[in-house]
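# Working through the structure, step by step
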Amino acid sequence: MASSSSTSGAGVYEIPWVEKYRPSKIIDIVGNEDAVSRLQVIARDGNMPNLILAGPPGTGKTTSILALAHELLGSNYREAVLELNASDDRGIDVVRNKIKMFAQKKVTLPPGRHKVVILDEADSMTSGAQQALRRTIEIYATSTRFALACNTSAKIIEPIQSRCALVRFSRLSDQQILDRLMVVVQAENVPYVPEGLEAIIFTADGDMRQALNNLQATFSGFRFVNQENVFKVCDQPHPLHVKNIVRNVLESKFDDACHGLKQLYDLGYSPTDIITTLFRIIKNYDMAEYLKLEFMKETGFAHMRICDGVGSYLQLCGLLAKLAIVRETAKAA
Amino acid sequence: MGKARKMVEFDEDDDQSYNLRSSRSSTTNPRATKRARISGEESSHVDKIRLSFQDFDQALSGFKLPSGNERSKNTDLWVDKYKPRTLDELAVHKKKVDEVKSWFEEILDSSKDGFRNNVLLVTGQAGVGKSATIHLIASILGVTVYEWNAPIPTVWQEHMHNSTSGLRYTSKLDEFENFVESTRKYGVIASSNTGGMKARIVLLIDDLPLNNGRHAFERLQNCLMLLVRSTQMPTVVLITDYDKTDSSDQTARSMEDVQSSLERAGALKVAFNPITKNSIKKTLQRICKEEHCKVTTVEIDQVASASGGDIRNAITSLQLFSVKPELNHTKIKLPQPRMNNSYQENEQTMHRCLDNGISSCFGRDETLSLFHALGKFLHNKRETDHVIVADCSDSLVHDQFARLPLKMDAPEKVLSQAHGQAGRVVDFLHENVLDFVSDEAIEDAWCVSSYLADADLLLAASRGKMSWDNKTEDILQSAGASVAVRGVLYGNKQPWSSRWHAIRKPKLWQVERSSIQTKKNLREQRNISFEGSRVSDISVMVTEYSPVLKWLSYRASPELEEKTDEEDSEISEDDEIQDW
């Protein structure tokens, strides 16, 4: 195990793998093939339209924009790209001054290339700042293009949505995440068992960033990636355990189910954690349509109660009881 | 520093002047990058000089037209490149164009008359061609358009630095006020450049200063009222509508007030509707022909309907969309050029891929992809032949609860592909599901409705507020959506034999919107009446405050009430016109 850490000697500062393995070329970006291949053509041909990239976290929005800007502008990147994210001051003042100044700046670029303003996490911009951006986008269209990244496009005001082409990113499939994990695992010489990677993929839920972070955390904590370690690091109730509870309910072994729940609760997981995992298990569990519907409904209600502050063991037991009743009513004669 | 130098910057908003500016930019020395402001000023001088060549340019542009595309082959946004140049190319509804045009003709012809309607107010949602219409008509009639461009404001540090030298801080609003004041009195000073054709000028105010808070807003409103009442120059004010149900946004609401107050002050209002799908399609086809890009009519159709009546967005999306096919052809043609049969098959699958691709990842709003998903849920297609699924024994259920397997992916997967928000999905299902339930099956309707009600309860927490960033809310969202969708699928035991139904927009939204509107009005009244105490909530307002107000003063309140009623009815009418 000790030999595995050859790439990073003890005590040496290690940059997060998310950054270390961030693709720098568009072609390396995982998932969303349709959108990404378009960006690649744009990188080759130039004349980038104004873009909004919208999608859940960890699906490669920022990576795509950065890679696109690098491929478009190459050595001019430093002076021809203005990158602002939520950590920068992006009030109305900045939009009016910094962005406008940048847009007026003269940079000699090859034909078909434009300066690029990257606004990451644009949904956290105030609507005032977005309003101020409106005209700037239009007036300087001949020299400057904008690329906005956000989680929900609904938070971008309509005039800006209207000026940009919207590119949606959706969650990555498990296979796509696995492929990328394998690359990292091989590059870093991480010892692993397949179930460990499976567990990482489960915890990530389609979020590449989270997957890489969990992988790194497990590796630096235990130097070995297996199921046990992953769930220790990520501190989620073990899905297998929760799955057993559900199976017991379905098989009408109510006592066993309750026992399993008690174990989980005694391990110190909060009801919110337990029910979040429970819901995801039920969502993917193969059962009759009616049962799934009712189970989801009851879990949803229990989740709501817990969110309202009634996060007690009793609620969880009650949920199991309700699920059992549903099971009994629907039982084949 | 910079802002004191120049209060008002006029721009002739013509793409030719922009081109000139950009061509200058390539010739200016690299030193200019540091002094962007000054070079900016230089070019605006050039603009003024260009004004005198305006007529010459216009005469020339007639000849330029055919070769015009080469000038900016690959560097312009298509939105700019394919700006409408003739009235035929303009996609806006003919009636609205005529209204604007007749206003222009009126101000040009009857310039000797004493009273005329000097202000035109153009409203409409984003991207319906408000400014394009104005610019086009102006250029056809030979009218010069001046725009008010906000100068770069002072930053706080700059202000601190300047405060010793006696310069005062002026906000954008201040500048706008000054500008309005000066144009009202003196007209546009730069007009001397055009050589005495004073009547042929129109002032365009597109970028209204943004305001925060009631005080600033009142100033803006007063200022605009003054402009409307007493301006000597024909003026066009453009205001963008925000027709969102969740208009919690302060600015959006205050803009509505600006509209109504301008109208009361006597401005002529022309409201642009969203552009129809057919005219968008026509425009897109024209662009495709000029660009020589191969996009099938089906794809154009999808782009057009996904844009939701926003032509600017449609063109931008088309630009993005058109980059793809080229790549695809190279990808597919290379590996197997001779096997004709499989190639065709391949292309077909490719097209299907494209269809799916465009409907799920592009387009401004989710309505189109959402509709695909809704259609799947509502039609509820299942395997017809009796397939006995060898399920594991623990999940066997009574016949009464058993259903045939679904002819689609897992509902959750379909939902995530549709990018729909849970609340919207539930609303749409609720509005439309009864059309798809068989007339005899009242039990099915009961079952479906009860599940939808449950889903609504699950979503109740996140209704109203836009953000659900934390994970817990996320679970509630997906639980609600799943319950709604699966409830509809499960409950609708004998779906109505597949006949065509249009999916309607939820009526609930109209009710919600008008209730928001009413609440807003009430809140405003309260603010006017009590300065300090904001404790009273809406119900107290309705049950106690407004009746008392009615008793006390018959003059003030009835007028207000009528106004709100009118507004409400107007909004609902607009909704009905929109077909989905």
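In this text the structure is predicted, and so the values were computed from the model without any measurement.

## A look at the overall build of chain A
When helices and strands are counted, chain A shows 16 helices and five strands. A sequence separation of at least 24 residues applies to 75% of the contacts in chain A between residues at least 6 apart.

## Brief notes about the overall build of chain B
Looking only at helices and strands, one finds 25 helices and six strands in chain B. Among the 580 residues that make up chain B, the fraction classed as buried is 46%. For chain B, long-range pairs separated by at least 24 residues make up 80% of all intrachain contacts whose partners lie at least 6 apart in sequence. Carbon and sulfur atoms form 54% of the exposed surface of chain B, whose accessible area is close to 30400 Å².

## A closer look at the packing of helix H14 (residues 271–284) of chain A against helix H15 (residues 289–307) of chain A
Residue and element names in this part refer to chain A. For the pair H14 and H15, interaxial distance at closest approach is 10 Å and the crossing angle is 165 degrees. Considering the angle they form, H14 stands roughly antiparallel to H15. As H14 packs across H15, the resulting crossing turns out to be left-handed. Contacts between H14 and H15 involve Pro271, Thr272, Ile275, Thr276, Leu278, Phe279, Ile282, Lys283 and Asn284 from the former and Lys292, Phe295, Met296, Thr299, Ala302, His303 and Ile306 from the latter. Looking at the contact of H14 with H15 residue by residue, the classes come out as nine nonpolar, five polar and two charged.

## As for the pattern of salt bridges
Within this structure, the stated rule accounts for 15 salt bridges over all chains. One continuous salt-bridge network, built from bridges that share partners, spans Glu138 and Arg163 of chain A together with Arg312 of chain B.

## Concerning the state of the cysteines
Under the defined criterion, the tally for this structure stands at zero disulfides over all chains. Of the cysteine sulfurs around Cys150 of chain A, a residue in no disulfide, the closest is that of Cys164 of chain A, at 9.7 Å.

## Here's the deal with the packing of aromatic side chains
Residue and element names in this part refer to chain B. Going through the model one piece at a time under the given rule, you end up with six aromatic pairs over all chains. Here the aromatic rings of Trp78 and Tyr82 are separated by 6.2 Å at their centres, their planes lie at 90 degrees, and the arrangement is edge-to-face. Look at Trp78 and you get buried, because its relative accessible area is 7%. With 5.3 Å between their ring centres and 90 degrees between their planes, Trp103 and Phe104 make a pair best called edge-to-face. Considered together, Trp103 and Phe104 belong to a single accessibility category, that of buried residues.

## Re the sheet that holds strand S1 (residues 51–54) of chain A
Residue and element names in this part refer to chain A. One open sheet holds the five strands; their spatial order is S2-S3-S4-S1-S5, and the pairing between them is parallel. Strands with a single pairing partner mark the edges of an open sheet, and in this sheet they are strand S2 (81–84) and strand S5 (165–168). Strand-to-strand twist in this sheet, taken as the mean axis angle between neighbours without regard to direction, amounts to 15 degrees. Strand direction decides the pairing type here: strand S3 (residues 115–119) and strand S4 (residues 144–150), joined by five bridges, are parallel. In the sheet register, Lys115 faces S4, and the bridge partner there is Thr144.

## Re the side chain of Thr136 of chain A
Residues and elements named next belong to chain A. Among the structural elements, Thr136 can be located in helix H6 (residues 127–139). With relative accessibility at 5%, the residue Thr136 sits in the buried group. The residues contacting Thr136, other than those within four sequence positions of it, are Ile99, Lys100 and Phe146.

## Some remarks on a nonpolar patch on the surface
Taken together, Val548, Trp551 and Leu552 of chain B make up a surface patch of nonpolar side chains, about 400 Å² in accessible area. Mapped onto the elements of the fold, Leu552 of chain B is located in helix H24 (residues 538–552).

## Quick notes on helix H16 (residues 313–329) of chain A
Residues and elements named next belong to chain A. Helix length check: H16 (17 residues) gives 25 Å between terminal C-alpha atoms against 24 Å at 1.5 Å per residue, within 8%. All of the buried residues in H16 are Gln315, Leu316, Cys317, Leu319, Leu320, Leu323, Ala324, Val326 and Arg327. Among the structural elements, helix H12 (239–250), helix H13 (254–266), H14 and H15 are those in contact with the buried residues of H16.

## Focus on the pairing of S1 of chain A
Look at any regular strand and the pattern is simple: side chains alternate between the two faces of the sheet. Residue and element names in this part refer to chain A. Residues Leu51 and Leu53 line one face of S1 and the alternating positions Ile52 and Ala54 line the opposite face, and both faces are buried. The sheet contact formed by S1 and S4 spans four bridges and is parallel. If you follow Ile52 over to S4, its bridge partner there is Leu148. Two strands pair when backbone bridges link them, and S1 and S5 are joined in this way by four bridges, in the parallel orientation. Bridge pairing links Ala54 to Arg168 in S5.

Cut-offs applied
- Along each chain, residues carry numbers from 1 onward, in the same order as the chain's sequence is written.
- For this description, chains carry letters from A and ligands carry numbers from 1, given in the order in which they are written.
- Note on the predicted model: pLDDT of at least 70 is required for a residue's local features to be given, and 80 or more for side-chain atom pairs to be given and counted; whole-chain, interface and lining totals, by contrast, use all residues.
- Each side-chain value is worked out from all heavy atoms of the structure, with water and hydrogens disregarded.
- Put simply, DSSP marks the helices as runs of H or I at least four residues long and the strands as runs of E at least two long, and each gets a number from the N terminus on.
- Note on definitions: a residue-residue contact is assigned when non-hydrogen atoms from the two residues lie within 4.5 Å.
- Under the scheme applied here, a residue whose accessible area is under 20% of the maximum for its type counts as buried, over 50% as exposed, and between as partly exposed, the area being computed with a 1.4 Å probe on protein chains only.
- Using a 1.4 Å probe, accessible areas were evaluated by the Shrake-Rupley method; residue-level cover was limited to the displayed protein chains.
- Throughout, an axis means a line fitted to C-alpha atoms (over the contacting stretch in the case of helices), and angles, computed between N-to-C directions, take values from 0 to 180 degrees.
- Should an angle fall under 35 degrees it is called roughly parallel, over 145 degrees roughly antiparallel, and 65 to 115 degrees roughly perpendicular, with every other angle called oblique.
- Handedness of each helix crossing follows the sense of rotation of the near helix against the far helix: counterclockwise by less than a right angle gives left-handed, clockwise gives right-handed.
- Residue type decides the class: Asp, Glu, Lys and Arg count as charged, Ala, Val, Leu, Ile, Met, Phe, Trp, Tyr, Cys and Pro as nonpolar, and the leftover types, Gly among them, as polar.
- Between Lys or Arg on one side and Asp or Glu on the other, a salt bridge is scored when a side-chain nitrogen of the former is within 4 Å of a carboxyl oxygen of the latter.
- The disulfide definition used here is simple: a pair of cysteine sulfur atoms within 2.5 Å.
- Paired rings are identified among Phe, Tyr and Trp, the last through its six-membered ring, by centres lying within 6.5 Å, and are further divided according to the angle between planes into stacked (under 30 degrees), edge-to-face (over 60) and tilted (the rest).
- Should DSSP find at least two bridges between two strands, the strands are regarded as paired.
- Patch membership requires over 30% relative accessible area and the absence of a salt bridge. Like charges are linked within 9 Å, and nonpolar side chains (Val, Leu, Ile, Met, Phe, Trp, Tyr) within 5 Å.
- By definition here, a helix of n residues has an expected span of 1.5 Å times n minus one.

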